[in-house]
Each structure stands twice: as C-alpha cells, then as structure tokens.
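Now for the letters of each chain:
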Amino acid sequence: MQHPENSEEYKGLTVNSGVVQPSSINPYLQRNKFRRRDYSVSEMVEGISKGDVTILSQAVTLVESVNPNHQAKAQEVIEKCLPLSGKSLRVGISGVPGAGKSTSIDMFGCHVLDTKGGKLAVLAIDPSSERSKGSILGDKTRMEKLSLRPEAFIRPSPTAGSLGGVARKTRETIILCEAAGYDKIFVETVGVGQSETACHSMVDFFLLIQLAGTGDELQGIKRGIMEIADGIVINKCDGNNVDKCQMAATNFRNALHFFPPSDSGWMPKVMCYSGFYGLGIKEIWDMIYQYFDFVKNNGYFDYRRNAQNKYWMYETINEQLKNSFYNSPDIIDRLVEAENSVLKGQQTSFAAAGQLLDAYFENLKK
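Residues numbered from 1 in each chain as written. Predicted model: local features only at pLDDT ≥ 70, side-chain atom pairs only at ≥ 80, totals over all residues. Heavy atoms only, no water.

### Re the pattern of salt bridges
Filter applied, for reference: By salt bridge we mean one thing: a side-chain nitrogen of Lys or Arg within 4 Å of a carboxyl oxygen of Asp or Glu. For the purposes of this entry, the term helix denotes a DSSP run of H or I that reaches at least four residues, the term strand denotes a run of E that reaches at least two, and both are numbered from the N terminus.
Counting across every chain of the model gives 11 salt bridges. Arg155 is paired through a salt bridge with Glu64; the nearest N and O atoms lie 3.2 Å apart. You can see Arg155 sitting in strand S3 (residues 152–158) and its partner Glu64 sitting in helix H2 (residues 53–64), a full 91 residues away along the chain. Here Arg149 makes a salt bridge to Asp114, at a shortest N to O gap of 2.9 Å.

Here it is as structure tokens:
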C-alpha cells in the first residue's frame, strides 16, 4: 500500500507515531474492593434477624443456587431461622397474564404499609424462557411506588424450567423473610396453571385477579383455579368498563354457588376494583383482614399452616428421591441404553422404566 507521506516531495516532513492510547481499565481500581463478602452461617442468621437486606438477599441467592455446597449452607441458615419465622400474614396473588398483578401489588403494598405499618416482602415468580432459559425478572420495574419504600423487599425469582423447585425455594425464602421481620408476605405467581396449586400450599389467603369478558358461569365452573381462591377481584373497573366488570362479578358469584363449601367455612367474595387508579383497594383489604379474623377464630388458620408443613415434607421427599435416582452413577449409564431400546421399539417405555427402577433399588440394597 502506497503512503503519500513517504514520497520525495514530502521528505522534509516528519511523521509522528501517534499517542499511545491509555488502557480502558482504571489502573487505580482496587480489584478486591467490590468483591462480595462471604458470610458464615452464624453471621447470616444474625444479619437476617437484624433485618439486614443485603445479607437477606445473599441468603436468598444461596437458597436459589443449584450448587450443592450453597444448598447445604442455605439449609443450615434456614434451620436456624425457623424459630424466628411463622409470624407473618401470607397472601398469594394470581391471575391471567395481563390482569394487572404487578400493578395491583404496587397499590396493595402501599395501602397495607400506610394503614397497618410493619414490613412487606414481595416474592414474584417469573417464568423462564424454554429456549434461552433466561428470565426478565422485571416485575420490580412495574412496582414503581413500592420499590421506593425502604420497608418493602421485592425479590423476583426465575422458574428455571422447574416450577416445583422454585415453589420450594419460595417457601424457604418466606422463612428467611419472616425471620428478617417482614410481617406481611406477598407471593405472585407466573399465571394460571400448576403454579396456583404450589402457591396455595404456602400462603394463608389466595387472591385471584380476573378481568371482565372472560366467560359466563359455565366458564367459571370449568376453571379449577376458582376452587382454591379465598377471594376473587376483578381489575380495571374504571371508565367505560364498569358495567362489564359488574356483570362479570355477578357471573363469578353465580359460579361460586356450584362449588362445594371450603374447609374453612369461608364463602369467597367477589369484588371489583381499579389497580391503576387505586379504586376499591381499601374494600379488598377489609375483606382480606375479615378472612384472617374468621379463620383465626375457628382454628382453621393453624390447621392450614400444619397441613402445609406436612405437604412440603412429602414434596421434599419426592424431590430428593427423584434427584437421587437421576444422579445415581449406575442409572446414568443405563439411561442411554434404555432410551435407545425404547426408540428402536425393542421394549415399551413402561418396561424400560421398570428395569431402571429395579436396578436402582438393587443398588440401594448393596
């Protein structure tokens, strides 16, 4: 390549080599300055009991981690925090996508903190992508007012493809938040489906958010989610949508009469409100606190807590057995052979599964 500055006519000129560009990394930066401190179990328990949000967040991260060392440490922290837990009111909030769950939680949280005081923890379960396996974890951005409150703790958690696993981790996170002094817990689910059953098994009151125009009484009966709801509220009851919401409320009330009465003896109520404009928020929370007074007086509150503890014991057993099976070295070697035999049509899926289970139990006997 010819450079004009090297020609004879420019031989009196001097070409400088240029200025050396400085490094993009600050040479005065202390690399270890921002490294997260690794707290011991006792330090974590002490920090959580004092309400330290930083330590609480790190403890929740340990609970969500799949690292075996992190899991062992998290279980120690949970065991020591367990005596400090159980003193909160747990409310599960669910609804179809777009029903306004995050916006409603923003208004609900501010109302509860303003009227009742105390501290509030919001645990939002965010769905993970089946392709990229990532989550947006953007629920906190919709809670503009609540996220500015120092007495509120908002923690989104990804499903990571395992709804049962994240439900168990959410329940363990509830214990940590209660130990940190949060006397009100909101659990927001990913939407309508299996997550509702998992959410119902860890909260005291299950609130279902609906929209107008989603069907008549027959559609309401077909929704199994309504069977476990302790209260149904219809959002976006404002402007020209008021009449539609009132009609939807009538349809839901009619549908509720076809369900058998709940074990608590409480008849779920149907109410309308506007989460965006903050209309009807007080009436909803009057109904929720009326429910708590009702179940505490008839003893169902403690009965439900005990039933939930038993449920999660069996769920943990099932999960541990499943992990033990798939992590067994002998089963790992046999799985590929079983898959190939099923794909080639040499044996049925049930026969292959039976052989794998027999091999697993034989190894346990040795």
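### Regarding the nonpolar core
As a reminder of what qualifies: We call a set of buried residues a nonpolar core when its members are Ala, Val, Leu, Ile, Met, Phe, Trp, Tyr or Cys and they connect through side-chain atoms within 4.5 Å of each other. Categorising residues by exposure relies on relative accessible area from a 1.4 Å probe, with only protein chains included: less than 20% of the type maximum marks a residue as buried, more than 50% marks it as exposed, and the intermediate range marks it as partly exposed. In this analysis, two residues are considered to be in contact whenever any of their non-hydrogen atoms come within 4.5 Å of each other.
Ranked by size, the top nonpolar core spans 48 residues in total, and within it Ile48, Leu176 and Met226 carry the most contacts. Residues in contact with Ile48, not counting those within four places in the same chain, are Ile55, Leu56, Ala59, Val77, Cys81, Leu176, Ala179 and Ala180. Core analysis: the second largest hydrophobic core is formed by 36 residues, Ile105, Val112, Val122 and Ile284 among them.

### So, the packing of helix H11 (residues 300–326) against helix H13 (residues 349–365)
For clarity, the cut-off: Convention adopted: a line fitted to C-alpha atoms gives each axis, helices being fitted over their contacting stretch, and angles between N-to-C directions are expressed from 0 to 180 degrees. Under this scheme an angle from 65 to 115 degrees is roughly perpendicular, one under 35 degrees roughly parallel, and one over 145 degrees roughly antiparallel; angles in between are oblique.
The contact between H11 and H13 brings their axes to 11 Å, and the two run at 95°. It follows from the interaxial angle that H11 and H13 lie roughly perpendicular. Here H11 contributes Leu321, Ser324 and Phe325 to the contact with H13, which in turn contributes Leu356, Leu357 and Tyr360.

### A word on unusual backbone geometry
Backbone geometry places Lys236, a non-glycine residue, at a positive phi of 65°. With respect to the element layout, Lys236 can be found in the loop between strand S6 (231–234) and helix H9 (242–256). Overall, Lys236 belongs to the partly exposed group, its relative accessible area being 38%.

### Quick word on the packing of aromatic side chains
The line we're drawing: Put simply, two rings from Phe, Tyr or Trp (the six-membered ring, in Trp's case) pair if the centres are within 6.5 Å, and we call them stacked under 30 degrees between planes, edge-to-face over 60, tilted for the rest.
In total, this model carries 18 aromatic pairs according to the counting rule given. Judged by centre distance (5.8 Å) and plane angle (40°), the rings of Tyr300 and Tyr303 are tilted. Here Tyr300 pairs with Tyr303, and both are found in helix H11, just three residues apart, close to one helical turn. An aromatic cluster is built from Phe108, Phe186, Phe205, Trp266, Tyr273, Trp285, Tyr289, Tyr291, Phe292, Phe294 and Phe301, whose rings are joined through pairwise contacts.

### Examining the layout of surface pockets
Our working rule: Think of a 1 Å grid over the protein atoms and nothing else: a 1.4 Å probe that fits but is trapped marks a cavity, an open set flanked by protein within 12 Å on at least five of seven lines marks a pocket, and residues with an atom within 4 Å of a point count as lining. Grid points are joined across faces, edges and corners, and a volume is the space filled by probe spheres set on the points. Asp, Glu, Lys and Arg are counted as charged, while Ala, Val, Leu, Ile, Met, Phe, Trp, Tyr, Cys and Pro are counted as nonpolar; the rest, among them Gly, fall into the polar class.
Roughly 510 Å³ of internal volume is contained in the second largest pocket. Lining the second largest pocket are 25 residues, and of these His200, Glu227, Ser262, Asp263 and Tyr300 sit closest to its centre. For the lining of the second largest pocket, the element with the highest residue contribution is H11, accounting for six residues. Tallied by class, the residues present in the lining of the second largest pocket amount to 15 nonpolar, six polar and four charged.

### Thoughts on helix H3 (residues 68–81)
Note the cut-off: Expected helix span is given by 1.5 Å per residue-to-residue step, counting one fewer step than there are residues. What the arc covers is the set of directions going from the helix axis to the C-beta atoms. In the analysis that follows, any N or O atom pair within 3.5 Å is treated as a polar contact, provided that within protein one partner can donate a hydrogen and the other can accept it, and provided that, for residues neighboring in sequence, both atoms belong to side chains.
In a regular helix each residue adds 1.5 Å, so 14 residues correspond to 20 Å; H3 covers 20 Å between its end C-alpha atoms and thus fits that length. Here H3 has its buried residues at Gln71, Lys73, Ala74, Val77, Ile78 and Cys81. Buried residues in H3, looked at end-on, bunch into an arc of 165°, giving them a common side. The exposed set on the far side of H3, more than 90 degrees from its buried face, consists of Pro68, Asn69 and Glu79. With a side-chain oxygen lying 2.8 Å from the backbone nitrogen of Asn69, the N-terminal cap of H3 falls on Asn67.

### With respect to the environment of Trp312
Tracing the backbone shows Trp312 in helix H11. The exposure class assigned to Trp312 is buried, which follows from its relative accessible area of 8%. Once the C-alpha coordinates of Trp312 and Arg168 are considered, the two residues, 144 residues apart in sequence, prove to be 7.7 Å apart. A polar side-chain atom of Trp312 sits 3.0 Å from the main-chain carbonyl oxygen of Ser201.

### Description of H9
Look at H9: 21 Å from first C-alpha to last across 15 residues, which is about the 21 Å you get at 1.5 Å a residue. Here H9 has its buried residues at Cys245, Ala248, Ala249, Asn251, Phe252, Ala255 and Leu256. Within H9, the buried residues cover an arc of 165° as seen down the axis, which keeps them to one side. Away from its buried face, by an angle of more than 90 degrees, H9 presents the exposed residues Asp243 and Met247.

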